[in-house]
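Below are the chains, spelled out letter by letter.
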Amino acid sequence: MKSIFFISLSILFYNYFGYGLLLALLVRLKRILQPETHDSTEFEPSVTLIIAAYNEEAFIEQKINNTLALDYPEHKLDIIFITDGSSDDTENIVRRYPRIISLHEYERKGKTAAINRAMKIVTTPFVIFCDANTLLNVSAVKNIVKHYRDEKTGGVAGEKKVLMQDGNTAAATEGIYWKYESLLKKLDAAFYTVVGAAGELFSIRTSLFSPVDTSVILDDFIISLRVNQMGYRIAYAPDAYAMEAPSMDIKEEHKRKVRISAGGFQSIVMLKNLLNIFRYPLLSFQYISHRVLRWTLSPLSLSLLLLSAAVLTYFQAGWFYTSILFAQVIFYLLALAGWFLASKNIKFKPCYIPFYFTFMNVAIYEGFFKYIRKQQSSVWEKAHREVTYINI
């Protein structure tokens, strides 16, 4: 039982703290041995921006205006909107703008199918994907493409920012998580590569794209890691960001997290070659440490740590095990209080981290069972988000 306790504790410490600390150390060592050089020459290649939109009539006008206002030469920026399956006025609104290439099919086959179709008409060397419910900062395209000066860069991950609204607990908890993720992405990119780009804003070299199976749940994750498998790195551009409103409430955020978790297990199976650390030494180290452990052994270790600490305390194994058990009980009580308050949309900061941490790991268990039962569709049920007018 002591072995289970210490193995579980070690996995959790490494996954949530140790990996980040180790990366910071490795990055510092790398910068000493290989000082960074910056190329300041102007670089403005032709780019295509692809936006998949489904029933976004309430927000699409703001999205279009934001897209047309991006600081990039108009003759070098192609814009494609895909509105497949939309039953509202989204398609008609998009067609009002002659600069935009509008693609529409009456049948909704999912975002992955839409991207596959749009990529067939892309002629530029680089392509940027972003969501229809986000707005980009005006220099986003410039800040992404500058990374392609390095021929080893096969893709670029932008930054996701969740708007914090007064009284919205879902936004507060989601925002905390993305701040933590952003820190890890900076370290990942500085060491070697970002491990899996977020679909809100990411880019790849057009020549590296291959059609994605329409059953794929996390198309952004699969596309970016396939680029890695070809020997390229994914750079990180925190100065290119997509801003979006938070989930309407914690139920909507829960639905989103379960889907992502199911997609995570699907991705692990589809990308099983990345588990071979001898074939992809740096990439596998980052992929396993940052992603695989978080979706597999870490949630399991949480349960085993609680169980083993309880058993060892019962048999009076020592004060250390009792202290760890007591700390876990307090943590989960705060999480439970956080869940209750979140369901009432009441803000109470001391509960944010315990609640969201537990919330994410419970969603991983739910996502796992959805995946093995094949209950998670690749066609995303549109999440309800706050209707927000964003000033950038």
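Going by the structure above, here's the rest.
Here the structure is a predicted model, which means the values were calculated and not measured.

Caption draft 1: Representation of the packing of aromatic side chains within the structure. Evaluated as defined, the whole model comprises 23 aromatic pairs. Members of the aromatic cluster, each reached through a chain of ring pairs, are F5, F6, W319, F320 and Y321. A cation over an aromatic ring shows up here: R108 above the ring of Y54, its NZ or CZ 3.6 Å from the ring centre. Over the ring of Y241 we find K161; its NZ or CZ atom is 3.9 Å from the centre of that ring.

Caption draft 2: Fine view of the packing of helix α8 (residues 250-270) against helix α9 (residues 281-295). In contact at an axis separation of 9 Å, α8 and α9 are set at 125 degrees when each is read in the N-to-C sense. Considering their axes alone, α8 and α9 lie oblique with respect to each other. Considering how the two elements wind past one another, α8 and α9 form a crossing that is left-handed. Counting all contacts with α8, which are made through G264, F265, S267 and I268, the residues of α9 involved are Y287, V292 and W295. When grouped by side-chain class, the residues that make up the contact of α8 with α9 number five nonpolar, two polar and no charged.

Caption draft 3: Main features of the environment of A342. Here A342 lies in helix α11 (residues 319-343). Given the relative accessible area of 5%, A342 is considered buried. Expressed as a C-alpha distance, the spacing of A342 and L77, which sit 265 residues apart in the sequence, is 42 Å.

Caption draft 4: Main features of the environment of F129. As for its placement among the helices and strands, F129 is situated in strand β4 (residues 126-131). For the pair formed by F129 and L201, sequence separation is 72 residues and the distance between their alpha carbons is 5.7 Å. When sequence neighbours within four positions are dropped, the list of residues in contact with F129 reads I50, I115, M119, G199, E200, L201, F202 and I204.

Caption draft 5: Quick peek at helix α2 (residues 60-68). Those residues of α2 that sit buried are I60, Q62, K63, I64, N66 and T67. Looking at the buried side of α2, the elements it contacts are β1 (47-52), β2 (77-82), α3 (90-94), β4 and β5 (134-136).

Caption draft 6: How the structure looks around a nonpolar patch on the surface. Together, M1, I4, L297, L300, L304, L307, Y365, F368, F369 and I372 give the surface a local cluster of nonpolar side chains, amounting to about 830 Å² of exposed area. Within the residue set of the nonpolar patch, elements represented by two or more residues are α10 (297-314) and α12 (352-372). Along the chain, Y365 falls in helix α12. Given the relative accessible area of 33%, Y365 is considered partly exposed.

Caption draft 7: Spatial organisation of the pattern of salt bridges. Counted according to the given criterion, the structure contains 14 salt bridges. Between D89 and R96 there is a salt bridge whose closest N-O contact spans 3.7 Å. Linking K146 and D239 is a salt bridge whose minimum nitrogen-to-oxygen distance equals 3.0 Å. Separated by 93 residues along the polypeptide, K146 in the loop between α5 (140-145) and β6 (153-162) and D239 in strand β8 (residues 233-244) bring together distant segments of the chain. For K146, a relative accessible area of 31% corresponds to the partly exposed category. Using a relative accessible area of 30% as the deciding quantity, one classes D239 as partly exposed.

Rules and cut-offs
Residues numbered from 1 in each chain as written. Predicted model: local features only at pLDDT ≥ 70, side-chain atom pairs only at ≥ 80, totals over all residues. Heavy atoms only, no water. Phe/Tyr/Trp six-rings, centres within 6.5 Å; stacked < 30°, edge-to-face > 60°. Lys NZ or Arg CZ within 6 Å of the ring centre and 35° of its normal. Axes fitted to C-alpha atoms, helices over the stretch in contact; angles between N-to-C directions. Helix = DSSP H or I, 4+ residues; strand = E, 2+ residues; numbered from the N terminus. Parallel < 35°, antiparallel > 145°, perpendicular 65-115°, else oblique. Left-handed = near helix turned anticlockwise from the far one by under 90°. Contact = heavy atoms within 4.5 Å. Nonpolar A, V, L, I, M, F, W, Y, C, P; charged D, E, K, R; others polar. Buried < 20%, exposed > 50% of the residue type's maximum accessible area, 1.4 Å probe, protein only. Patch = residues over 30% accessible without salt bridge, like charges linked within 9 Å, V, L, I, M, F, W, Y side chains within 5 Å. Areas by Shrake-Rupley, 256 points an atom, 1.4 Å probe, with all protein chains shown as cover. Salt bridge = Lys/Arg side-chain N within 4 Å of Asp/Glu carboxyl O.

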